[in-house]
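A closer look at the structure
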Amino acid sequence: MTDRVAGKRVLVTGAARGMGRSHALRLAEEGADVVLVDVCGPLPQLEYPLSSEDDLAETARLVRELGRRAVPKVADVRDAAAMQAAVDEGVAELGGLDASVANAGVITAGTWDTTTPEDWRVVLDTNLIGAWNTCVAAIPHLIAAGGGSLVNISSAAGIKGSPLTTPYTASKHGLVGMSLALANELAVHSIRVNTVHPTGVATGMAPMSLFGLLSETRADLGSLYENALPVPMVEARDVSNAVLHLVSDDARYVTGTQMKVDAGVTIR
Ligand SMILES: NC(=O)c1ccc[n+]([C@@H]2O[C@H](COP(=O)([O-])OP(=O)(O)OC[C@H]3O[C@@H](n4cnc5c(N)ncnc54)[C@H](O)[C@@H]3O)[C@@H](O)[C@H]2O)c1
């Protein structure tokens, strides 16, 4: 523990489990208080379950166990008004906001001829418009604080042409454009905007049909998902360390970057 973000107040979406929980705990370990947002319920278009209210409560408990404050809020990032209300309430409780981590995301899998408009809508609505709603809810508070950091969680799929998850890949590329544009627009307020690009991490985001497609129907595409470094996956904490850096003042002049935590998958 080195207090790298001591006293900072940080919003994390998708915080009930997986990497969102890991980001919240890593930030809390280094002295941050957190607003924790998650939808805590299923999305019918997805082939895997999302988190529960118990998961979100557990993240909050683990943060408090580290001696930091946690304000859990159930909200859907797709709902701009609900996000603004949740963030405003959380920030009122913490007394301000210094950073936001737009981490909530979903994935669908399929070949081009099985991917539906509904797949596109749920993925873009959550991953792209949801991240926009998160930034928009946070920005007024960051301006009030005299500056801050927006960290938007993209993917290796936001850099390369990851196949069989086309809406997801498009959404994660879209996050880069959105973040670059915001980085320009918000620099005048000393607000930094960066994206993080993880390779595979073992979480609840497990679209089994993708694994089937890659091992059978389109095994020829499997190598596109192989890391250069000799690890099949990285740990959530590896990605949280990048988030921690971008939130911290160590990165005070870092904006408009795409930070890869990808074991080299994007150089393949
Ligand atoms: N797991 C990976 O291999 C991987 C790789 C690269 C990038 N990512 C990205 O990392 C982020 C976190 O993913 P994860 O692997 O921890 O997945 P996860 O499914 O374990 O966690 C995602 C969390 O987001 C929440 N969420 C989903 N839709 C939401 C919505 N509409 N509103 C609010 N909350 C919502 C879920 O309930 C869940 O708690 C995502 O943006 C994902 O795209 C994941």
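Scroll up to find the structure this text is about.
Residues numbered from 1 in each chain as written. Predicted model: local features only at pLDDT ≥ 70, side-chain atom pairs only at ≥ 80, totals over all residues.

Right, let's talk about the site of the ligand for a bit. Around the ligand, a shell composed of 28 residues is seen, among which Gly14, Gly18, Gly105, Thr203 and Met205 lie nearest. At the level of secondary structure, the elements contributing two or more residues to the shell around the ligand comprise helix H1 (18–29) and helix H4 (117–144). The leading source of residues in the shell around the ligand is H1, at 3 residues. Looking at the shell around the ligand, its residues break down into 11 nonpolar, 13 polar and 4 charged. (Near = placed C-beta within 6 Å. Helix = DSSP H or I, 4+ residues; strand = E, 2+ residues; numbered from the N terminus. Nonpolar A, V, L, I, M, F, W, Y, C, P; charged D, E, K, R; others polar.)

Formed by 60 residues in total, the largest nonpolar core has its most connected members in Val34 and Leu36. Those residues in contact with Leu36 that lie beyond four places of it in its chain are Val12, Ala15, Ala24, Leu56, Thr59, Ala60, Ala70, Val71, Pro72 and Lys73. In this structure, Val106, Tyr168, Leu210 and Leu213 belong to the second largest nonpolar core, which totals 15 residues. (Core = buried A, V, L, I, M, F, W, Y, C linked by C-beta atoms within 7 Å. Buried ≥ 20, exposed ≤ 12 C-beta atoms within 10 Å, placed from the backbone. Contact = placed C-beta atoms within 7 Å.)

In this structure, Leu164 takes a positive phi of about 75° despite not being glycine. Its place among the elements puts Leu164 in the loop between strand E5 (148–153) and helix H5 (166–186). Its 23 C-beta neighbours within 10 Å are what place Leu164 among the buried residues. Despite not being glycine, Ser190 has its phi angle at roughly 60°, a positive value.

With 8 of 8 residues buried, strand E6 (residues 191–198) lies mostly within the body of the structure. Side chains Ile191, Val193, Thr195 and His197 project from E6 onto one buried face, and the interleaved Arg192, Asn194, Val196 and Pro198 project onto a second face that is buried too. Two strands pair when backbone bridges link them, and E5 and E6 are joined in this way by 6 bridges, in the parallel orientation. What sits directly across from Gly148, in E6, is Ile191. Tracing the backbone out of E5, into H5 and back to the parallel element E6 gives a crossover that is right-handed. In this sheet, strand E7 (residues 258–261) lies alongside E6 in parallel orientation, the contact comprising 4 bridges. What sits directly across from Val196, in E7, is Met259. (Pairing = 2+ DSSP bridges. Right-handed = clockwise from strand over helix to strand, strands pointing away.)

Quick look at the environment of Ala157 now. Tracing the backbone shows Ala157 in the loop between E5 and H5. Exposure remark for Ala157: the 25 C-beta atoms within 10 Å place this residue in the buried category. Not counting chain neighbours up to four residues away, the residues in contact with Ala157 comprise Ser162, Thr165, Tyr168, Thr169 and Lys172.

The subject of this paragraph is the sheet that holds E5. Read from one edge to the other, the open sheet built from 7 strands follows the order E3-E2-E1-E4-E5-E6-E7, with strand pairing classed as parallel. Whereas interior strands pair on both sides, the edge strands pair on one side only; in this sheet they are strand E3 (70–74) and E7. Pairs of neighbouring strands in the sheet enclose a mean axial angle of 15°, with direction left out of account. By the bridge criterion, 5 bridges tie strand E1 (residues 9–13) to strand E2 (residues 33–38) in an arrangement that is parallel. By the bridge assignment, Thr13 is partnered in E2 with Val37. Packed onto the sheet, H4 meets E1, strand E4 (99–102), E5 and E6 and runs at close to 175° relative to E4. Relative to E6, H5 is tilted by about 160°, and along the sheet it contacts E5, E6 and E7. (Axes fitted to C-alpha atoms, helices over the stretch in contact; angles between N-to-C directions.)

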